[in-house]
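Okay, here's what each chain looks like letter by letter:
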Amino acid sequence: MPGKSHIVSQQELQKKWQERCNSGNFSAGVLGVGTIRVFGRSGDTPVTFPRIESLAALDQLADDERWALDTAQEMITAAQARQRPVMATQPPRAGAAPNPTPMRTFDPKTENILILSLTRGG
Amino acid sequence: MPRSLANGDYSLIMAIESASRANSWYRVLSDRQSGNISCDCPAWTFRQAGGGTRTCKHTQIAQLLLTAQNTAHPVMRARGAAAQANLLIQSTQQQWPGLGGRWSIEQRTAQIDGVPYQFVLLGLVTGNGTTATGTVAFTRRFHPTQESMIAGVAGWAGYALAAEVARTAGYALAGQPPQHFIVTRRAGARAGTQRPGLSDILRVGDQIDLGDHYTPAQRAENTLRLFLGTELYARLERQHFLDVSSALYASEQRVYRVRRDPHKQCERRVRVFERGRYVNDFCIVRGQDVPEADHWLTVFLQLISNEAEALSVVEEHNVFSPHSDDHYAREEETVPAIWQPRAA
């Protein structure tokens, strides 16, 4: 099948990013690791990305970090295109109610993003 | 540029699920130049013997289905209004909103090497007369219900239709198809882990085995517990509902009672209270294949943060009178629904 060299390259970046997450050895501009949970048949697949102050800080990232961030951004774009609800939310502290905020554009500072599932009238 | 389905060098005849691995897809493709039929499966990929036509069981069934030798048993066929009301067509339209025209659907059953399969054929005739078809073959034991076939039909058949419509409109590039099985000779490499294209990047959420030893339902339940917090989750477990005060209908003091099936299987209708009185049921169901906990959390978070969007799926015919889903085993409300002001 065509396009295999491209596939290998993506796999290497993915592997490098996973290794970096395990080691915690991030570039200077990285605030921490953010997580997108994609609701689907898997019952939420977590996808991680490097949190940065703004997309202007992209230049400070390594290839695999930029790849992970691009992937996260593409996911949000794809979710918007598919009319999937996207929320930025935090696990609530004791005594507090959940406070989800709809996400219209990808904010690379966000810690937890949920790509919720589609609903319809029944 | 390498030749590929995404580049428009091939047309997708059928996506066919592996008999042994759920949601692992082989693509039966037709080369637009030569007309030759190929498949992604290992049998076709490694069958290099010269002479004769290179085939596998998938290309053979695809050819049978395309010809008068079609032996698959028809189980359902719909056109016109009946097709428009079909769940699989509605889901495909939702995923590919640009596809418009006269839709049709046909379902057939057949066995491939003794394994029962269900074939779903979508047809679309566009306003300018373009006829496009998309076929998906599901392994019956992995996809026994219509709901379980939604993602496969909308993803694969929708892609085939969109690619054909795009091609006849003069666009050679059809975009990235959904994730499919790839034979790889790299030691330790796993098939299908390439970065997916924009159109199917969200299918990352459809991989059942994430290597974490959890079932999809367990993962979804963990997410629900995490994002509700310990207290709210305990309350939900105890009373099987949580209330959300409306910001849009503050003057009616509307409260949504988002109920949960104690068995954590089915959707339950959202009870609507106004000024403390139970007035309606809203029926909001899953629009894609997700565990029940994911659906419940989606409805709950949307009603909190984006009420208008949450309600946008509720049309007149989705609104029912009270106790519409517990008419016989009537479940009376004992906890008052008390509206509390919220910012709109």
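Residues numbered from 1 in each chain as written. Chains lettered and ligands numbered in written order. Predicted model: local features only at pLDDT ≥ 70, side-chain atom pairs only at ≥ 80, totals over all residues.

Brief notes about the overall build of chain A
Thought 1: Scanning chain A from terminus to terminus reveals two helices and six strands.
Thought 2: Along its sequence from the N terminus, chain A presents helices and strands in the succession α-β-β-α-β-β-β-β.
Thought 3: Looking at chain A as a whole, 40% of its 122 residues qualify as buried. (Helix = DSSP H or I, 4+ residues; strand = E, 2+ residues; numbered from the N terminus. Buried ≥ 20, exposed ≤ 12 C-beta atoms within 10 Å, placed from the backbone.)

Some details on the overall build of chain B
Thought 1: In terms of regular secondary structure, chain B is built from eight helices and 13 strands.
Thought 2: Here chain B holds 344 residues, and the buried ones make up 40% of them.

Focus: the sheet that holds strand E9 (residues 254–259) of chain B
Strand pairing in a sheet relies on backbone hydrogen bonds, with the paired strands running either antiparallel or parallel.
All names here are of chain B.
Thought 1: Taken in spatial order, the five strands make up an open sheet running E8-E9-E10-E11-E13, and their pairing is antiparallel. Both outer strands of the open sheet, strand E8 (241–245) and strand E13 (319–320), are each paired with one neighbouring strand and no more.
Thought 2: Together, E8, E9 and strand E10 (270–274) form the strand contacts of helix H7 (residues 292–305), whose direction differs from that of E9 by roughly 165°. (Pairing = 2+ DSSP bridges. Contact = placed C-beta atoms within 7 Å. Axes fitted to C-alpha atoms, helices over the stretch in contact; angles between N-to-C directions.)

Examining the sheet that holds strand E5 (residues 102–112) of chain B
All names here are of chain B.
Thought 1: Strand order in the open sheet formed by seven strands is E3-E2-E1-E7-E6-E5-E4, with mixed pairing between adjacent strands. Edge positions in the open sheet fall to strand E3 (37–39) and strand E4 (73–79), since each of these has one partner strand only. Neighbour-to-neighbour, the strand axes of this sheet turn through a mean angle of 20°, independent of strand direction.
Thought 2: Direction of pairing for strand E6 (residues 115–125) relative to strand E7 (residues 131–139): antiparallel, over a ladder of nine bridges. The partner of Gln118 across the bridge, within E7, is Phe138.
Thought 3: Sitting on the sheet, helix H5 (residues 150–168) touches strand E1 (10–17), strand E2 (25–31), E6 and E7, and the angle it makes with E7 is about 155°.

Re the pairing of strand E11 (residues 277–282) of chain B
All names here are of chain B.
Thought 1: The pairing of E10 with E11 spans five bridges and is classified as antiparallel. Within E11, the position partnered with Glu274 by the bridge is Arg277.
Thought 2: Counting the residues between successive antiparallel strands, the hairpin from E10 to E11 contains two residues, one of them, Arg275, with a positive phi of roughly 50°.
Thought 3: Strand direction decides the pairing type here: E11 and E13, joined by two bridges, are antiparallel. Considered in E13, the bridge of Asp281 is made with Phe320.

Observations concerning the nonpolar core
Thought 1: Membership of the largest hydrophobic core comes to 51 residues, with the highest contact counts inside it found for Ala72, Met75 and Ile115 of chain A together with Val258, Val299, Phe300 and Leu303 of chain B.
Thought 2: Filtering out sequence-adjacent residues up to four positions away, Val299 of chain B remains in contact with Thr119 of chain A together with Val258, Val270, Ile284 and Ala310 of chain B.
Thought 3: Grouped together as the second largest cluster of nonpolar side chains are 47 residues, Trp25, Phe119, Leu122 and Leu161 of chain B included. (Core = buried A, V, L, I, M, F, W, Y, C linked by C-beta atoms within 7 Å.)

Details of helix H2 (residues 63–81) of chain A
An α-helical turn contains 3.6 residues, so any two residues separated by three or four positions project in the same direction.
Residue and element names in this part refer to chain A.
Thought 1: For H2, built from 19 residues, the straight-helix expectation of 27 Å at 1.5 Å per residue is met to within 8% by its first-to-last C-alpha distance of 26 Å.
Thought 2: By the burial criterion, the buried members of H2 are Asp64, Glu65, Trp67, Ala68, Leu69, Thr71, Ala72, Met75, Ile76, Ala78 and Ala79.
Thought 3: Within two residues after H2, Gln83 carries a phi angle of roughly 60°, on the positive side. (Expected span 1.5 Å × (residues − 1).)

Examining the interface of chain A and chain B
Thought 1: Facing the 44 residues of chain A at the interface are 56 residues of chain B.
Thought 2: Within the residue set of the side of chain A that touches chain B, elements represented by two or more residues are helix H1 (4–23), strand E1 (30–38), strand E2 (45–52), H2, strand E4 (101–102) and strand E6 (119–121) of chain A.
Thought 3: The element best represented in the side of chain A that touches chain B is H2 of chain A, accounting for six residues.
Thought 4: For the side of chain A that touches chain B, the per-class residue count stands at 20 nonpolar, 17 polar and seven charged. (Nonpolar A, V, L, I, M, F, W, Y, C, P; charged D, E, K, R; others polar.)

Details of H5 of chain B
Thought 1: With 19 residues, H5 of chain B ought to run about 27 Å at 1.5 Å a step, and its terminal C-alpha atoms sit 26 Å apart, in line with that.
Thought 2: Counting buried positions along H5 of chain B yields 16 of 19 residues, so the element is predominantly enclosed.

Side note on the confidence of the model for chain A
Thought 1: Summarising the model, chain A shows a mean pLDDT of 85, and 93% of its residues fall at 70 or more.
Thought 2: H1 of chain A is the least confidently modelled element of chain A, averaging 75 in pLDDT, while strand E5 (residues 112–115) of chain A averages 95, the highest of any element. (pLDDT = per-residue confidence, 0-100.)

What about the packing of helix H4 (residues 87–95) of chain B against H5 of chain B?
The geometry of a pair of packed helices is captured by two quantities: the angle between their axes and the separation between those axes.
All names here are of chain B.
Thought 1: Here H4 crosses H5 at 55°, and the two axes come no closer than 9 Å. Relative to H5, the element H4 lies oblique. Considering only the axes of H4 and H5, their crossing is right-handed. Only Ile150, Val153, Ala154, Ala157 and Gly158 of H5 make contact with H4, whose side of the interface consists of Leu87, Leu88, Ser91, Thr92 and Gln95.
Thought 2: Here the residues of the contact of H4 with H5 are counted per class, giving six nonpolar, four polar and no charged. (Parallel < 35°, antiparallel > 145°, perpendicular 65-115°, else oblique. Left-handed = near helix turned anticlockwise from the far one by under 90°.)

Thoughts on unusual backbone geometry
Thought 1: With a phi angle near 85°, Asp44 of chain A is a residue other than glycine that sits in the positive phi range.
Thought 2: Residue classification places Asp44 of chain A among the buried residues on the basis of 29 C-beta atoms within 10 Å.
Thought 3: Positive phi outside glycine occurs at Gln253 of chain B, with the angle close to 50°.
Thought 4: Along the polypeptide, Gln253 of chain B turns up in the loop between E8 and E9.

Side note on the environment of Ser4 of chain B
Thought 1: In this fold, Ser4 of chain B is placed in the segment before E1.
Thought 2: Expressed as a C-alpha distance, the spacing of Ser4 of chain B and Leu29 of chain B, which sit 25 residues apart in the sequence, is 9.8 Å.

Considering the environment of Asp59 of chain A
Residues and elements named next belong to chain A.
Thought 1: Along the chain, Asp59 turns up in the loop between E2 and H2.
Thought 2: For Asp59, a count of 7 C-beta atoms within 10 Å translates into the label exposed.
Thought 3: Each C-alpha atom of the pair Asp59 and Gly29 lies 9.1 Å from the other, and the pair is 30 residues apart in sequence.

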